Structures are given as structure tokens and as C-alpha cells.
Amino acid sequence: FFSRGSWSVSGRAGMEVQARSAWTGKRNEREATGGRRSSTRDLRKRFALRGAPRRWDCAEVRTMAWPTWLEGLARTKRSRWEERINVGTKDNPLYISRMGAGTWAWGNRLLFGYSPEQDEELEKVFNYCLDNGINLFDTGDSYGTGKFNGRAEILLGQFSKRRGIVGDEFPNEICVATKLAAYPWRLTRKSMVQAIKDSVDRLGRTSGCLELGQMHWSPAAYGFRFQEDALLNGLADAYEQGLIKAVGLSNYGPESLRSIHEKFAIRGVPIGTLQVQFSLLSYQDYQREVLEVCQQLGITVIAYSPLCLGLLSGKYSVEDGGALPSGPRGFLARQLLPEAEASGLLPLMRDLASLRGPGTGLPQIALGWCIAKDTVPIPGARTLAQCKDNIKALSTELTTEEVQALDFAASRAKSTVQNSMRSM
């Protein structure tokens with residue numbers, strides 16, 4: 001977006017922005033600024049815009065973002081860190097934080113190279129989240145590979161117990177959101193109820209109750225409608241029996257969501273959340289339609305993989321000598337990162353991060369964008385450093401113009417592979 005050469009943007013109203021960068025290298029920059037660092041006044045000179053409405057004036061975005069951020073920093077920290085969203089009902093509320101923590105990597109040796117030696121660091125992540133206002137932990141009964149199957153739930157149970165959380169002693173201090181897999185052997189509504197009871201045991205909950213129970217994916221996406229109907233009924237049964245405080249779905253599209261919402265409403269079972277693959281590298285018509293439907297139905301959207309498996313963390317590069325993740329993520333990085341650079345998405349993200357000074361990087365921009373789109377991102381964290389980086393996003397507030405610019409850049413970038421088990 002802010003790169004060498006010329007570029008143009010066409011907005012919804014058909015407006016076009018044209019600009020030519022005056023960036024000719026560090027030597028010319030030093031000459032233009034007298035050897036000092038660039039200021040917003042210098043940025044005005046370096047980026048000459050013609051014929052652009054003010055809301056698309058990128059020099060104005062750059063000029064306005066810095067003081068806006070400074071003035072709103074204290075307010076943003078306080079409001080977002082303390083903000084809670086009720087995904088339960090008025091009579092039986094269940095409050096979650098504005099951001100959560102994903103635990104997909106906890107026990108996953110295939111994609112993330114998990115080993116039990118990491119457990120001590122993972123417990124530090126868990127405690128740091130709770131100490132800093134993050135109470136939502138997303139997990140699944142299928143999280144963990146091979147002999148570590150179910151490991152994420154087991155670790156959450158162990159960490160909670162050592163913190164003194166084993167039941168409902170401290171309402172809303174923690175919300176474990178468990179996704180229940182539609183395994184081929186789960187074919188009846190009773191099997192779904194039993195799956196929830198098994199998760200309760202792995203989590204060590206003496207109350208016999210989970211906070212948020214979620215259907216992990218849609219069996220109807222591959223033709224097993226009969227299985228989906230049975231498992232959804234089992235999920236509603238669990239809610240009515242008090243085994244879960246709130247109901248959530250995952251990987252359901254707008255059409256399916258409306259249909260299930262209508263069926264559940266007849267039973268008096270509200271849908272509190274919907275998880276969807278959502279990031280700057282996964283922002284298509286599908287995601288936009290899901291957002292719109294959830295707003296209409298009063299359902300909170302949880303954004304999973306908001307850093308696109310770490311590709312938006314700023315750690316990886318396909319340039320010579322650049323680091324790449326191992327395994328399947330490395331293959332994905334080679335496919336997506338060159339397009340993200342060429343489309344202007346990564347340059348724009350770096351530019352917005354640099355505007356905010358030291359301590360802000362690509363993760364804060366990517367997660368801040370998810371929050372600005374009114375979703376609850378659940379980035380994963382395997383180290384305390386990653387966790388701290390993620391939580392900084394609660395202090396990163398993007399302007400409307402910056403969100404629009406990121407929207408456009410994301411629409412030009414190549415999208416990541418979409419979950420094959422999502423429904424329409």
C-alpha cells in the first residue's frame with residue numbers, strides 16, 4: 001500500500017486514489033529531513049495524493065493516527081482490558097474478554113512440535129492471561145495429536161486447579177470454550193452429551209459444568225446431515241441439562257446459522273458464539289456475510305487463526321535468508337507471503353505499526369483489525385513472549401481510515417486455504 005512506485009485504490013463509491021511515492025532511499029530521506037527521523041510533516045511531503053476524498057487520504061491517515069493513538073492510549077487500555085461481552089443470557093450471563101487465547105498448539109506435535117517440556121511455559125501463558133484480564137480459553141476435545149489427544153483440555157484443567165479454579169467458586173473468572181468434534185462414531189444426541197461430560201472430567205470441573213460448549217464443525221458439509229442433526233440436538237440437550245452455560249458453533253456459514261438459530265429458538269436455546277476462520281489473510285465474502293448475519297442475530301463472532309498460523313506475526317519471510325516455519329506451515333508461507341507483500345498488505349501493516357512507535361508490530365495490527373471488525377480474536381501462544389505480544393493488541397486502536405485501508409489491501413492479497421469442513 002505504501003510502497004515504491006505508483007498505486008491506485010478504488011473504493012465502494014468508485015473513487016480512485018492515485019499516489020506516487022517520493023521515497024528514493026535513506027540518503028535522500030536524510031537530505032530531506034536534515035539527518036533527523038521522519039515526522040508526520042515529512043510524510044506529507046513523501047506521499048503526494050491527488051483527487052482523493054479525505055476518508056481515503058492516506059497521508060491524512062498517517063498524520064492523524066499518531067496523535068489519536070497517543071490521546072486514546074490510556075482510555076483504550078482501560079476499556080478494552082476491562083471490557084466483557086455477555087455470550088450468555090440476561091438471567092444467566094457468561095462474560096468473556098475482548099480477546100481470548102487459543103490452545104490448538106497445546107499437545108499438537110504435527111503442526112507445532114509440541115512436547116511435554118513446554119508445559120511449564122504454557123502454564124506461564126495461562127497465568128499471564130488471567131492476570132491481565134484474558135479469561136477466554138478456546139480448546140477442543142480433539143486438540144492434541146497421537147498419544148497427546150485431549151492434551152489441551154487436560155493442561156487447562158491442571159493449570160486451573162493449581163490456581164484454585166475447579167468449579168464455580170469464582171463466576172466469570174475463566175471461560176473455557178470447548179469444541180466437540182463430530183467424530184464418525186458420534187452419531188447420536190446422547191454421544192454428544194457424553195462427550196461434554198468427558199471434557200468436564202478432563203478439565204477437572206467439580207461443578208460438572210462447562211462454560212461454553214461448541215459444535216466443532218458441520219458434518220452436513222460432507223453430506224452427513226443426519227449426524228449433524230443428532231449432535232446439535234445433543235448440544236441443546238446439554239444446555240437444558242445444565243452441563244454447559246452457553247452454546248456456540250464453529251465453521252458454520254450464514255445459511256446454516258440462520259437455520260440452526262431458528263430451530264434452537266423453538267427450544268429456547270440461544271446461540272452465544274460462532275467461530276469462523278478470520279484474519280487479514282482470510283477475509284472473503286464468506287466472512288463478511290457471517291459478520292452481517294451474526295450482527296442481525298446478536299451472536300458474538302470468535303475469530304480463530306487471526307494471525308493465520310503465525311504468518312502475520314512478522315517472524316517469517318520468503319526473502320533470501322528469511323525464516324520460515326517448519327512442516328505444512330512452511331509450505332503455506334511460501335504460497336501466501338509473496339502475495340501479501342506484492343498486494344501491499346504486509347507493507348501497510350508494517351507502516352501502521354511503525355507509526356505507533358517501538359513495541360508495536362504486525363501481531364498488534366492484525367489483532368487490532370480483528371477487534372475493530374467486532375470479533376473476539378483467539379490467537380495461539382506457546383511462549384510467554386508471544387502471549388505478551390498478543391495482549392498488546394488491546395492497546396492498539398485503529399482508525400476508521402486505517403481499517404478501510406487494511407480491508408482493501410486484504411481483498412487484494414491471496415487468501416489462505418479455507419476450512420474444508422465449514423458449511424455455507
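For the structure, see preceding data.
Residues numbered from 1 in each chain as written. Predicted model: local features only at pLDDT ≥ 70, side-chain atom pairs only at ≥ 80, totals over all residues. Heavy atoms only, no water.

**Comments concerning the packing of helix H12 (residues 345–355) against helix H15 (residues 400–412)**
Logical step 1: Between H12 and H15, the shortest axis-to-axis distance is 9 Å and the interhelical angle comes to 160 degrees. Overall, the two elements H12 and H15 adopt an arrangement that is roughly antiparallel. In terms of crossing hand, the pair formed by H12 and H15 is left-handed. Packed against H12, whose contacting residues are Leu345, Leu348, Met349, Leu352 and Leu355, the element H15 presents Glu402, Ala405, Leu406, Ala409 and Ala410 at the interface.
Logical step 2: Class assignment of the residues belonging to the contact of H12 with H15 gives a composition of nine nonpolar, no polar and one charged. (Axes fitted to C-alpha atoms, helices over the stretch in contact; angles between N-to-C directions. Helix = DSSP H or I, 4+ residues; strand = E, 2+ residues; numbered from the N terminus. Parallel < 35°, antiparallel > 145°, perpendicular 65-115°, else oblique. Left-handed = near helix turned anticlockwise from the far one by under 90°. Contact = heavy atoms within 4.5 Å. Nonpolar A, V, L, I, M, F, W, Y, C, P; charged D, E, K, R; others polar.)

**Here's the deal with unusual backbone geometry**
Logical step 1: We note that Cys308 has phi near 50 degrees; this positive angle belongs to a residue other than glycine.
Logical step 2: Phi is positive for Leu309, close to 55 degrees, though the residue is something other than glycine.
Logical step 3: Here Leu309 is to be found in the loop between strand E12 (300–304) and helix H11 (328–342).
Logical step 4: Residue classification places Leu309 among the partly exposed residues on the basis of a relative accessible area of 22%. (Buried < 20%, exposed > 50% of the residue type's maximum accessible area, 1.4 Å probe, protein only.)

**Focus: the sheet that holds strand E13 (residues 375–377)**
Logical step 1: With parallel pairing, the eight strands of this open sheet are ordered in space as E6-E7-E8-E9-E10-E11-E12-E13. The open sheet has two edge strands with one neighbour each: strand E6 (100–102) and E13. Averaged over neighbouring strand pairs, the angle between their axes works out to 30 degrees when direction is ignored.
Logical step 2: Taken together, the four bridges between strand E10 (residues 244–250) and strand E11 (residues 271–277) define a ladder with parallel strand orientation. (Pairing = 2+ DSSP bridges.)

**Describing the side chain of Thr360**
Logical step 1: Among the secondary structure elements, Thr360 is positioned in the loop between H12 and helix H13 (362–372).
Logical step 2: By relative accessible area, Thr360 is classed as buried at 17%.
Logical step 3: Excluding residues within four positions of it along the chain, Thr360 makes contact with Ala353 and Ile365.

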